[in-house]
Amino acid sequence: MAAMSNTLMENIVALCKRRGFVYPSFDIYGGLAGFFDYGPYGLALKNNIVSLWWKQFVTDREDVYGIDSATVTKKEVLQASGHVGGFVDPMVECKKCGERFRADEFGLEVVPASITDKSCIAARMPRELPCPKCGTKGEYTPPYMFQMMFKTNVGAKQDDTSVAYLRPETAQGIFVNFKNVIDSFHPKLPFGIAQIGKAFRNEIAPRDFLFRAREFEQMEVEYFVKPAAWQEAFELWRTKMHEWVAAVGIDTAKVHEREVPESERAHYSKRTIDFEFDFPFGQKELYGLAYRTDYDLRNHAAARGVDLSYTDDETKEKFIPHVIEPSLGVGRTILAVLLSAYTEDEMNGEPRIYLRLKPVLAPVKAAVFPLLKNKPELVKKARDVYDSLRSALHDSRYTFAWDDNGNIGKRYRRQDEIGTPFC
């Protein structure tokens, strides 16, 4: 089973590079772990997924407002949110080869002495455990906490006053714009603010292709509710996330809910459900649904002395709203979609690979080719069909391909491999 799983991932990675979906970043320079570039078909697939999410979570609703906030984030914002002190992972280092690993990946329960401490309270690594890289047994440092945010400086001064971070999540850009949206649109509770954007985490061990990357894209909603209404809103978005899984073509039989225990939840969460997917490398988190209480708004209000409360027009009650957060990663969505769509079979005695993508997601909606490219009348007719499709459906979601290279069977197989629904 493990061998089959490894083969499936290898086949997906190979297909993505061969057919122009995903390339390793800086490939000609040997790559850079945890970074990927989207090729022409990968970009089209990503854009189609993002457009579908935006339609389903934002434009089809009257109670969600979209924004696009900055990726470079002021230090004070992330101090107030708890990320500067608490956004850490437990790390161990092999004393022999110097390779570093996440301690929790070895099954150790690691608890920081405090969120600002780099030390940990934890059992030492088992003596018999070999290093995954060099094979040396039991030669590890004690676990310690590693700050995962990318630090930078803004402006000409390179000191503590100019420190900023690449955002580790898109959520804080929403919270710091809460008052702006309230003042501009005067929405009634419950309402949401959504955005899609890049986030950055300096992962200790990026792995499994798009699953754990250092630069990735998130699709998130922060849904603001009355404190007593959080459970109802939580169930609403729980249902919406299951609807999304089906709509985007992820195999629903491979998606499982997991109630995250308190010891594993993020520092801001009072309840979290992970939607886990049966990846070839194990059942892992695909999406998350979190009840963030009023943690973020309350902390930002206290840090800046700004009133981030909401006043109910009818009752005149004044309070800080609580928040439900459906959080979805674009890269993990793409990987789950590709794994769900990947199919191997045999046609006319030859092996065939094709992607069972939903037509709404397919990078190419239809491919047109002449049966024989040395017959001018066939080529002209095929060109007329191709041009008429492009002129009639010039929406960016509808991409068409022209192909007269090689025999007709090979042309069909190329389109099969990228999930084209019509030829």
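Counting restarts for each chain: residues are numbered from 1 in the order of the written sequence. Local features in this predicted model are restricted to residues of pLDDT 70 or higher, and side-chain atom pairs are both shown and tallied only at a pLDDT of 80 or more, whereas totals for entire chains, interfaces and linings draw on every residue. Side-chain measures here rest on the full set of heavy atoms in the structure, leaving out hydrogens and waters.

> It is not clear to me how helix H6 (residues 178-185) should be interpreted in this structure. Could you clarify?
Given 3.6 residues to a turn, an α-helix orients residues that are three or four positions apart in the same direction. Three exposure classes are used, based on accessible area relative to the maximum for each residue type with a 1.4 Å probe and protein chains only: buried under 20%, partly exposed in between, and exposed over 50%. In DSSP terms, a helix is any run of H or I states spanning at least four residues, a strand is any run of E spanning at least two, and both are numbered starting from the N terminus. Burial in H6 covers these residues: Phe178, Val181 and Ile182. Buried residues along H6 cover an arc of 100° about the axis, so they all sit on one side. Only heavy atoms matter for contacts: two residues are in contact if any of them lie within 4.5 Å across the pair. Buried residues in H6 make contact with strand E3 (64-66), helix H5 (171-175), strand E12 (191-200), strand E13 (215-225), helix H8 (295-304) and strand E17 (310-311). Just beyond H6, the residue with positive phi is His186, at close to 50°. Relevant arc is that of directions from the helix axis to the C-beta atoms, nothing else.

> How do you make sense of the nonpolar core when you look at a structure like this?
Soluble globular proteins tend to pack their nonpolar side chains together in the buried interior. Ranked by size, the top nonpolar core spans 60 residues in total, and within it Trp53, Trp244, Ile250, Tyr287, Ile324 and Leu335 carry the most contacts. Among the elements that line this core, the one with the most residues is helix H9 (residues 330-341), at eight residues. Judged by nonpolar contacts, the second largest core, of 17 residues, contains Phe175, Ile193, Ala301 and Val323. In this text, buried Ala, Val, Leu, Ile, Met, Phe, Trp, Tyr and Cys residues form a nonpolar core when linked through side-chain atoms within 4.5 Å.

> Explanation requested: the side chain of Arg61 in the structure shown.
Looking at where Arg61 falls in the secondary structure, it is placed in the loop between helix H2 (40-59) and E3. Polar contact is the term for a pair of N or O atoms within 3.5 Å; when the atoms are in protein, one must be able to donate a hydrogen and the other to accept it, and sequence-neighboring residues count only if both atoms are side-chain atoms. Engagement of the side chain of Arg61 in a polar contact is seen with the side chain of Asp63, the distance being 2.9 Å. Contacts of Arg61, omitting those with residues within four sequence positions, involve Gln56, Tyr223, Leu236, Trp237 and Lys240.

> Help me understand the sheet that holds strand E4 (residues 72-74) in this model?
Consider a sheet: its strands pair through backbone hydrogen bonds, and that pairing is either parallel or antiparallel. Strands are treated as partners if at least two bridges between them are detected by DSSP. A sheet is described by the order of its strands in space; here three strands give the open sequence E4-E11-E10, paired in antiparallel fashion. Two strands bound the open sheet, and with one partner strand each, they are E4 and strand E10 (151-153). Pairs of neighbouring strands in the sheet enclose a mean axial angle of 45°, with direction left out of account. Two strands pair when backbone bridges link them, and E4 and strand E11 (residues 163-166) are joined in this way by three bridges, in the antiparallel orientation. Looking across to E11, one finds that Lys74 is bridged to Ala164. Every axis corresponds to a line fitted to the C-alpha atoms, with the helix fit spanning only the stretch in contact, and the corresponding angles, defined between N-to-C directions, vary from 0 to 180 degrees.

> Hey, could you run me through a nonpolar patch on the surface in this one?
Residues enter patches when they are more than 30% accessible in relative terms and free of salt bridges; like-charged ones are connected within 9 Å and nonpolar ones (Val, Leu, Ile, Met, Phe, Trp, Tyr) within 5 Å. Reported accessibility uses the Shrake-Rupley method at a 1.4 Å probe radius. Residues are deemed covered only where the shown protein chains occlude them. Within this document, salt bridges are pairs made up of a side-chain nitrogen of Lys or Arg and a carboxyl oxygen of Asp or Glu, the two lying within 4 Å of each other. On the surface, a cluster of nonpolar side chains totalling about 560 Å² of accessible area is made up of Phe26, Ile28, Tyr29 and Leu32. Following the sequence through the fold, Leu32 ends up in the loop between strand E1 (22-24) and strand E2 (36-38). Using a relative accessible area of 44% as the deciding quantity, one classes Leu32 as partly exposed.

> Help me understand the environment of Lys318, please; the structure alone is not making it clear to me.
Its place among the elements puts Lys318 in strand E18 (residues 318-319). The exposure class assigned to Lys318 is exposed, which follows from its relative accessible area of 54%. Beyond its immediate sequence surroundings of up to four residues, Lys318 is in contact with Asp307, Ser309, Tyr310 and Thr311. A polar side-chain atom of Lys318 sits 3.0 Å from a polar atom in the side chain of Asp307.

> Which parts of the structure should I look at to understand the pairing of strand E16 (residues 282-293)?
Bridge count for strand E15 (residues 271-279) against E16 is nine bridges, and the pairing is antiparallel. Looking at E16, one finds that Phe277 is bridged to Lys284. Where E15 folds back onto E16 in an antiparallel hairpin, the turn is made up of two residues. Sheet topology places E16 next to strand E19 (residues 322-329); six bridges connect them, and they run antiparallel.

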